[in-house]
Amino acid sequence: MGIEQAEGRPGNAVDPMTGTGRLALAPGPPRHISLRASLIMLVLACILPGLAISSYLVFVNYQLEKAKIVSQTEALAGQILVELDRELAVMESGLHVLATSEQLRNGDLRRFHQIARAALKSQTAYNYVLIDRQGRQVLNTLRHVDAPLPESGNPPQLATIFETGQTVLTDLFRGPLTNEPIMAMGVPVHDKGGQVIYTLNVGILPRQLNALLQHQPLPADWLVAIIDGSGTIIGRSREAERFVGEKAVAELRAALKSGRHGSLTSQTKEGIPVATAYARSALWNWSVAIGAPKSATRDEMVRLFAGIGTTALALIAVGTWLAVCITRRVVSSVHYLNDAALALRDGKPLPPPAVQLYEAEAVGQAIAQASHLMARVHHRAYHDPLTELANRALFYELVQHQLAVAEREGGQLSILAIDLDNFKVVNDEEGHAAGDRLLEAVARRIESTIRASDAAARMGGDEFSILLVDADQASAQETAQRLVLELAKPYEGIATGVSASIGIAVYPAAGRDLGELLEQADRALYAAKRAGRNTCTLADCPEAAGPT
């Protein structure tokens, strides 16, 4: 190497002793090469630029399709879980109503048997069973009230109700009376002294869960399964008769133990590779899993690779121009998807679509659909679908929050329990459509009567509750009286005269926790019913004065 060559090349130096060039070997920072530069270099070098670009696009498409499927399965699993939880919440509410019936408290099991059998007609349930502390069935709607019943064979999970007093949802077991696979939900039955003397349980058959799954908007080759706390399949959208009662695949059972929701790659019980999303209920010890076959995306990738060979030569002619265009499209699409994902994570409005790739747009639409779906699911979970008022779950959360505030700041609050008079007459004589219109009109009147800071909820049927924030006894009675007058006014299109009975419970005079306040409000409501209806009554407290 000559001196001129050494001096003319960057990175070389001249040895002053020998006059020869020496190579500088000091390491520098790693170089970052952009996608655009890489593509242009490939095109200029004519090293199959079309093949490289097409291969990259196939990979991007494959990844986007995988992400889209994962997003759809996770969203759908959450939606189905919310719907099932709502069905169970309705079932639990019905159980609590039956568990507090006067016939059961008074030991009139013959009359209670009739009431329970009648209640089955409006429930997604198989039967009602009353079990005593010794585990003996005292009553079963599948048998005559005087027929002999099993004295054992009930799942041990139901026995915990006697100690905890909490609602229990069992895993799948075989019913001691029918020997069929069944699940049960049980609630405590208290005597007049507050002791748990029975558990009232409702049976749920797997076929009833399967029927719910058949109404889900699933692609034809997708599979959804419901899994109990022991990892047993209790509902399945396909081949339910074959697999209900068997354990789910090991990979899915392990994933369900490790987290409440997520996704994994596994196989179905039939051995089909699927991308699986799962979600476990926060209320009950069961989960929903949805599997989408991987073959669809894999076949699409193979088809795209097959087309690369026929288009490679044409792409070389326009490689440089195509490299720039594709880079811009990919970068803008990735930027948009990144911004959309961040907006979805933070609960912010999604930015307007700014993508030039169909596949990226599809993922963007999936993210937007997931955002809307999350909003709808959240709204459905906490609002009554007919009246748009808060439902029981949201009302309880609001009351608990305000109780904490009132206790911390020494404030007051009141709860109004409302029941419509003659609502059954409207349903029976004018039809359920008229009953629905009446409930919607009642909800609007309640909203227009209370303050914006208060909260109204439909608890079920024709029962409503109102939380009056920072309201003492006088304020609560005044609001209740205004509601009595407002709700007794005629309703357009309703021939039957309708009014309302209202029970009032004031914190802390009537109770210091949610359960006490609700119980006192209900008792006051029943007192208002006994007093002739179309009135309001204050719950027992030092200032109680009866109907007002």
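What counts, and at which threshold
- Note on numbering: residues in each chain are counted from 1, in written sequence order.
- A pLDDT threshold of at least 70 governs which residues receive local features in this predicted model, and a stricter bar of 80 or more applies before side-chain atom pairs are shown or counted, although totals over entire chains, interfaces and linings include all residues.
- As a rule here, side-chain values come from all non-hydrogen atoms in the structure, and water together with hydrogens is ignored.
- An axis is simply a line fitted to the C-alpha atoms; with a helix, the fit covers only the stretch in contact. Between two such axes, the angle follows the N-to-C directions and lies from 0 to 180 degrees.
- In DSSP terms, a helix is any run of H or I states spanning at least four residues, a strand is any run of E spanning at least two, and both are numbered starting from the N terminus.
- Comment on the angle field: the value is read as roughly parallel under 35 degrees, roughly antiparallel over 145, roughly perpendicular from 65 to 115, and oblique elsewhere.
- Here is the rule for handedness: rotate from the far helix to the near one, and if that takes an anticlockwise turn smaller than a right angle the crossing is left-handed, while a clockwise turn gives right-handed.
- We call two residues in contact when some of their heavy atoms are within 4.5 Å.
- Three categories are distinguished: nonpolar for Ala, Val, Leu, Ile, Met, Phe, Trp, Tyr, Cys and Pro, charged for Asp, Glu, Lys and Arg, and polar for the others, with Gly belonging to the last.
- Strands qualify as paired when DSSP identifies two bridges or more between them.
- By salt bridge we mean one thing: a side-chain nitrogen of Lys or Arg within 4 Å of a carboxyl oxygen of Asp or Glu.
- For each residue, the accessible area found with a 1.4 Å probe, counting protein chains only, is set against the maximum for its type, and the residue is called buried under 20%, exposed over 50%, and partly exposed in between.
- Each residue carries a pLDDT score, the predictor's confidence in it, ranging from 0 to 100.

Draft legend 1. Geometry of the packing of helix H14 (residues 392-409) against helix H18 (residues 514-530). Between H14 and H18, the shortest axis-to-axis distance is 10 Å and the interhelical angle comes to 115°. By the angle class used here, H14 and H18 are roughly perpendicular. Considering the relative orientation of H14 and H18, their crossing is right-handed. Residues Phe395, Tyr396, Val399, Gln400 and Leu403 of H14 lie in contact with H18, whose contacting residues are Leu514, Leu517 and Leu518. Among the residues making up the contact of H14 with H18, the classes are represented as seven nonpolar, one polar and no charged.

Draft legend 2. Representation of the environment of Ala118 in the model. Assignment of secondary structure puts Ala118 in helix H5 (residues 109-119). Spatially, the C-alpha atom of Ala118 lies 9.7 Å from that of Thr141, the residues being 23 residues apart in sequence.

Draft legend 3. Broad picture of the sheet that holds strand S16 (residues 463-469). The five strands lie next to each other as S15-S16-S14-S17-S18, forming an open sheet whose pairing is mixed. Among the strands making up the open sheet, the edge pair consists of strand S15 (455-460) and strand S18 (536-538). Sheet twist, expressed as the average angle between the axes of neighbouring strands with direction ignored, equals 20°. Note that strand S14 (residues 413-421) and S16 share seven bridges and pair antiparallel. By the bridge assignment for S16, Ile418 is matched with Phe464.

Draft legend 4. Local environment of the pattern of salt bridges. Using the criterion set out here, one finds 15 salt bridges in the structure. Two residues, Arg458 and Asp384, come together in a salt bridge whose shortest N-O distance is 3.2 Å. With a gap of 74 residues between them, Arg458 in strand S15 and Asp384 in the loop between helix H13 (358-382) and H14 connect regions that are remote in the sequence. With relative accessibility at 15%, the residue Arg458 sits in the buried group. Each of the salt bridges in this network shares a partner with another, and the network as a whole consists of Asp419, Asp421 and Lys529.

Draft legend 5. Structural view of the pairing of strand S7 (residues 181-190). The element S7 is largely enclosed, with a buried count of eight among its 10 residues. Note: strand S6 (residues 173-174) against S7, two bridges, orientation antiparallel. Along S7, the bridge assignment pairs Phe173 with Ile182. Linking S6 back to S7 in an antiparallel pair, the connection comprises six residues, with Asn179 at a positive phi of about 60°. Taken together, S7 and the strand that follows it, strand S8 (residues 196-204), pair antiparallel across an intervening segment of five residues, in which Gly194 is found at a positive phi of about 90°.

Draft legend 6. Structural detail: unusual backbone geometry. Cis rather than trans, the peptide bond between Tyr507 and Pro508 has omega equal to 5°. Here Pro508 is to be found in the loop between strand S17 (499-507) and H18. Backbone geometry at Asn179 places phi at a positive 60°, although glycine is not the residue there. With respect to the secondary-structure elements, Asn179 resides in the loop between S6 and S7. Here Asn179 falls in the exposed class, since its relative accessible area comes to 51%. Look at Asn534: it is not a glycine, yet its phi comes out positive at around 55°. Assignment of secondary structure puts Asn534 in the loop between H18 and S18. Judged by relative accessible area, which is 37%, Asn534 ranks as partly exposed.

Draft legend 7. Geometry of the confidence of the model for the protein chain. For the protein chain, per-residue confidence averages 81 on the pLDDT scale, and residues scoring 70 or more make up 74% of the total. Ignoring residues within four places in sequence, the model shows residues 1-19, a span with pLDDT below 50, making 21 contacts including any to other chains. Scored below 50 in pLDDT, residues 542-547 shows 13 contacts in the model against residues more than four places distant or in partner chains.

Draft legend 8. Structural context of the sheet that holds strand S10 (residues 233-236). As summarised here, the arrangement of the five strands in space is S10-S9-S13-S12-S11, forming an open sheet in which the pairing is antiparallel. The open sheet has two edge strands with one neighbour each: S10 and strand S11 (261-267). Mean inter-strand twist for the sheet, computed between neighbouring axes without regard to direction, equals 25°. Relative to strand S13 (residues 286-293), strand S12 (residues 273-280) is paired through seven bridges, and the arrangement is antiparallel. For Arg280, the partnering residue across the bridge sits in S13 and is Ser287. Running at roughly 35° to S10, helix H8 (residues 206-214) makes contact with strand S9 (223-228), S10 and S13 of the sheet. On the sheet, helix H10 (residues 250-258) packs against S9, S11, S12 and S13 and is oriented at approximately 30° with respect to S12.

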